Amino acid sequence: MEDVQRGEGVRTTCPYCGVGCGVIAKPEADGTVKISGDPDHPANFGRLCSKGSALGETIGLDERLLYPEIEGRRAGWYEALDLVAQKFSAAITEHGPDSVAFYVSGQLLTEDYYIANKLMKGFIGSANIDTNSRLCMASSVAGYRRAFGSDTVPGTYEDLELADLVVLVGSNLAWCHPVLYQRLAAAKERRPEIKVVLIDPRRTMTADIADLHLAIAADGDTVLFAGLLRHLAENGVVARDYVENHTNGFNKALAAAQPFTPQRVAAETGLTPQEVEAFYELFARHPRTVTIYSQGVNQSAVGTDKVNAIINCHLATGRIGRPGMGPFSVTGQPNAMGGREVGGLANMLAAHMDIENSWHRELVQRFWRAPRMAEKPGLKAVDMFRAVADGRIKALWIMATNPADSMPDADAVVEALKACPFVVVSDISSATDTIRHAHVKLPSAGWGEKDGTVTNSERRISRQRPFLPSPGEARPDWWQILEVARRMGFAEAFPYSSAAEIFREHAALSAYENDGARDFDIGAYAGIGAREYGELSPFQWPAPTGRQEEGALRFFADGGFYTPDRRARFVAVAARQRSVTDAEYPLVLNTGRVRDHWHTMTRTGKSARLSAHLAEPFAEIHPEDAARHGIGEAELMRVESRQGAAVVRALISPRQRRGSVFVPMHWTDQFASKGRVAALIEPVTDPFSGQPASKNVAVRIKPFQASFYGFAVSTARPAPDGLDYWALARSEDGWRAEMAHAVPPESAETLFRRLLRLPGSVEIIAYHDDRKGDHRLATFAGERLVGALYLSPGPVAVSRSFASAQLGQVHRDARARYRVVAGRAGADRPDPGAIVCSCFGVGINQITAAARSGCGSVEAVGRVLYAGTNCGSCRAEIRAIVEANGVMAAE
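Note that the coordinates shown come from a computational prediction; the quantities given were computed from them, not determined experimentally.

A. Structural view of the environment of Asn-251. Residue placement: Asn-251 occurs in helix H10 (residues 250-257). Using a relative accessible area of 61% as the deciding quantity, one classes Asn-251 as exposed. Residues Asn-251 and Ala-572 lie 321 residues apart in sequence; the distance between their C-alpha atoms is 8.8 Å.

B. Local environment of the sheet that holds strand S24 (residues 587-592). Spatially, S24-S28-S25-S27-S26-S29 is the arrangement adopted by the six strands of the closed barrel, whose pairing is mixed. Pairwise comparison of adjacent strand axes, ignoring direction, gives a mean angle of 45° for this sheet. As judged from the four bridges shared by strand S25 (residues 618-621) and strand S27 (residues 645-652), these two strands associate in the parallel manner. Within the sheet, the bridge partner assigned to Glu-620 lies in S27 and is Leu-651.

C. Up close: the packing of helix H28 (residues 844-852) against helix H30 (residues 875-884). Closest axis-to-axis distance for the H28/H30 pair is 9 Å, and the angle between their directions is 50°. Considered as vectors, H28 and H30 are oriented oblique to each other. Crossing angle aside, the handedness with which H28 passes H30 is right-handed. Between H28 and H30, the contacting residues are Ile-844, Ile-847, Thr-848 and Ala-851 on the first element and Ile-878, Ile-881 and Val-882 on the second. Grouping the amino acids of the contact of H28 with H30 by side-chain chemistry returns six nonpolar, one polar and no charged.

D. Representation of H30 in the model. When H30 is considered as a whole, its buried residues turn out to be Arg-875, Ala-876, Glu-877, Ile-878, Ile-881 and Val-882. In this fold, the buried residues of H30 make contact with helix H6 (173-176), helix H7 (178-190), strand S36 (835-837), H28 and helix H29 (858-865).

E. Local environment of the side chain of Asp-38. As for its position among the elements, Asp-38 is in the loop between strand S4 (33-37) and helix H1 (50-53). In terms of polar contacts, Asp-38 uses its side chain to reach the backbone amide nitrogen of Asp-40, at 2.9 Å.

F. Structural view of the pairing of strand S17 (residues 395-399). The element S17 is extensively covered by neighbouring structure, given that five of its five residues are classed as buried. Residues Ala-395, Trp-397 and Met-399 line one face of S17 and the alternating positions Leu-396 and Ile-398 line the opposite face, and both faces are buried. Relative to S17, strand S7 (residues 100-104) is paired through four bridges, and the arrangement is parallel. What sits directly across from Phe-102, in S17, is Trp-397.

G. A look at the packing of helix H3 (residues 110-124) against helix H21 (residues 499-511). Viewed as axis vectors pointing N to C, H3 and H21 meet at an angle of 65°, and their least axial separation amounts to 9 Å. Regarding the angle of H3 to H21, the classification is roughly perpendicular. Like other packed secondary-structure pairs, H3 and H21 cross with a definite hand, here left-handed. Along its contact with H3, which presents Thr-110, Glu-111, Tyr-114, Ile-115 and Lys-118, the element H21 presents Ala-499, Ile-502, Phe-503, Glu-505, His-506 and Leu-509.

H. Geometry of the sheet that holds strand S14 (residues 326-329). Pairing is parallel in the open sheet, where five strands are placed in the order S11-S10-S9-S13-S14. Two strands close off the open sheet at either side, each with one partner strand: strand S11 (212-214) and S14. Pairs of neighbouring strands in the sheet enclose a mean axial angle of 15°, with direction left out of account. Relative to S14, strand S13 (residues 289-293) runs parallel, the two sharing four bridges. Across the sheet, Val-290 pairs through a bridge with Gly-326, a residue of S14. Contacts between helix H12 (residues 273-285) and the sheet are confined to strand S9 (165-169), strand S10 (195-199), S11 and S13, with S11 contributing the most and set at about 125° to the helix. Packed onto the sheet, helix H14 (residues 303-317) meets S9, S13 and S14 and runs at close to 170° relative to S13.

I. Structural context of the pattern of salt bridges. This structure, assessed with the given rule, holds 58 salt bridges. A salt bridge links Glu-79 to Arg-73; its shortest N-O distance comes to 2.5 Å. Accessibility expressed as a relative area gives 37% for Glu-79, which makes it partly exposed. Here Arg-531 and Glu-535 are joined by a salt bridge, their closest N and O atoms 3.5 Å apart. Owing to a relative accessible area of 65%, Arg-531 belongs among the exposed residues under this scheme. Assessed through its relative accessible area of 35%, Glu-535 is described here as partly exposed.

J. Representation of unusual backbone geometry. The omega angle of the peptide bond from Trp-541 to Pro-542 is 10°, so this bond is cis rather than trans. Following the sequence through the fold, Pro-542 ends up in the loop between strand S22 (539-540) and strand S23 (568-569). The phi dihedral of Glu-63 falls on the positive side, at around 60°, and the residue is not glycine. Locating Glu-63 in the fold gives a position in the loop between H1 and strand S5 (69-70). Classification of Glu-63 by relative accessible area gives partly exposed; the value is 34%. In this structure, His-599 takes a positive phi of about 45° despite not being glycine. Tracing the chain through its elements places His-599 in the loop between S24 and helix H23 (608-612).

The rules behind these values
- Residues numbered from 1 in each chain as written.
- Predicted model: local features only at pLDDT ≥ 70, side-chain atom pairs only at ≥ 80, totals over all residues.
- Heavy atoms only, no water.
- Helix = DSSP H or I, 4+ residues; strand = E, 2+ residues; numbered from the N terminus.
- Buried < 20%, exposed > 50% of the residue type's maximum accessible area, 1.4 Å probe, protein only.
- Pairing = 2+ DSSP bridges.
- Axes fitted to C-alpha atoms, helices over the stretch in contact; angles between N-to-C directions.
- Parallel < 35°, antiparallel > 145°, perpendicular 65-115°, else oblique.
- Left-handed = near helix turned anticlockwise from the far one by under 90°.
- Contact = heavy atoms within 4.5 Å.
- Nonpolar A, V, L, I, M, F, W, Y, C, P; charged D, E, K, R; others polar.
- Polar contact = N/O pair within 3.5 Å; in protein donor to acceptor, adjacent residues only side chain to side chain.
- Salt bridge = Lys/Arg side-chain N within 4 Å of Asp/Glu carboxyl O.

See below:
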């Protein structure tokens, strides 16, 4: 990868999940950017998911924060930075260093993270810097540190392809880490003997390649893996030499697991004894086993114990650090790992050192020449916002994250932000639910403009490179932080003029007095120059000084853990299935991601094709639960917890476990009236990691009583304010809107004009059926559709994809216009149906037709329609459609 910028574009890294895919971005003459996967990047080898493929559609400047603002007015950088430094300094002088805090993000680059951590922990003298990564992988960090003595990921992505058994725990890999899923699916196609076990309350699309799906009860994982440890010991699968030579605590861990017979495990997890024993037998007889886990494990009040229950089984069998073996946490954000490396969590120091360790504190202080090192862990995310609420935090700087929508008890977080004396937000977006509460808004450089590094889930450091100029007055986050540091009197310690200089110091600290007793070491890059940094190829750590070649780097095959005695520690976990429901709140809420959206949609919400697959907040519920609560297909429903409520669309599916409700995390007040699911989540956290329990919340459900439902398309963003329910999404040539209201509208025309801001002089074509309560209206400017509205007493039976497509069509005659009013496609304009394949815009009607015409496999559909041939994230859905419309052909 010698040329990082040549004819085909700039080599950079995707800004979404922790897979860390290489991307080639090529700006075109018309202002667009062509995106393709980097075939040479070892994370993805050219593959991209639907989100990565659509990156070029998300870099527009609409709703972009372009200039600093103070109290809603435009300000210059010097004035804004002076105010930030003055307010933070005043709070520290009057109330002490713990009266200020940074809340940062896995969206930051490592160089940004490093500067923020250095300023807070070494110069302000507080550890009150935490990150939204606390919400996704803190339990993995805590579990690794308890077992290994360090936050070390033992294996590599290659292990998924080399394993004979892959166990997926709480991971919808197909949708949340699609490129890794495709690597696993391709390996299973090459070697059909690979077994895959999915442990998840939902039968997600990942189950498409699973040989066994265990629909486990929420938080049942600790019990399941405690029982597995017992089974391994009883059946002679324990690697006695490895346990005796490289570990401590096995007997205590086994004693704690002894009560968990298959019968008891089944009773506590909602599985059958046969399912439990089938899983245990698979694990026992496949030495090359990888256990991949993600948010279903981490986002739990017992998440750290889950992690250690999994690790215990790998330590007991010696299945760690060897090809095709090991526990593997896949991270959710592009640089959560980089944040961990620089100490971005409140309970860690830079370079994977421990804040509780006095020697580590002294070492970092000496290296930084810091005047006042933090001596104790700072406030973790949930506790940090509690401190904001009760007045202990006087000044808060939020960087590249949206806690008003992502933190548990989100409504309380909003109230805390409103009450905080001084809030700074650095972001690229001017329209988030968090930035509206900022006293100072600082415009940051975004993806495609930023310059720095990120680390993916397999410890691979890659470059993010700029290929666009920063718009307006946007500046890198690291520049903003060091300018404030200089104004606070620390100029000498923050002399950097480029990201390369920061990375060089970061690498030097990792090697500083590191004789192999610390895992994180990239000392080979401590002397890197600007040119070498610019051309830096992806590499895995450790990369100590003097290392010449890179191999497939794994840890712990022969011990060498980072505990004081260099032995791993078994943890005797208190295995239990955590039950939260009662008669008043009888259902379990599980939250998570969907295929084509990301976090709070500040990026993916800009893409029409990413919004086409699932365009509004929804709740996936089992048919029996829906019937019991009087909820029909596609009707609206209320989901209520002790903390808050949401109104979402009902998606009734047998893939959902009985007694459970799944609601995605993405929707905010920018896109829906009542879709902020984080407002329902109680601020309950794991006692070791501080990570919130976002997947086991007691809720109740009931129908949303609406007098009418509506659907609209418009070339301009609709104005649905005042309606009880609404959800907005971009379409190819405008917007689409779902809506409902408890009270009938004054008239359909009045609602239509208000929704589209139409003056009274604008002509409207309409169809009214007052007896049925159906109303359909449209207005045109010349031959172009301006907008249309469809109203009905129940869910509106209009093809969303057909109606949305009409915004970009020419309607020359009355027949074409009345077809829009009717909401029905003609023979000349067939309706593709709901979009299944976002990459190629292929709908369910097209796939159904192909299946009925003889396409008897996913591959056959791909040859005809291209669906499923790019990122592959939709292949499981295509398979289900083909199976429902004919017998799958053998290929």
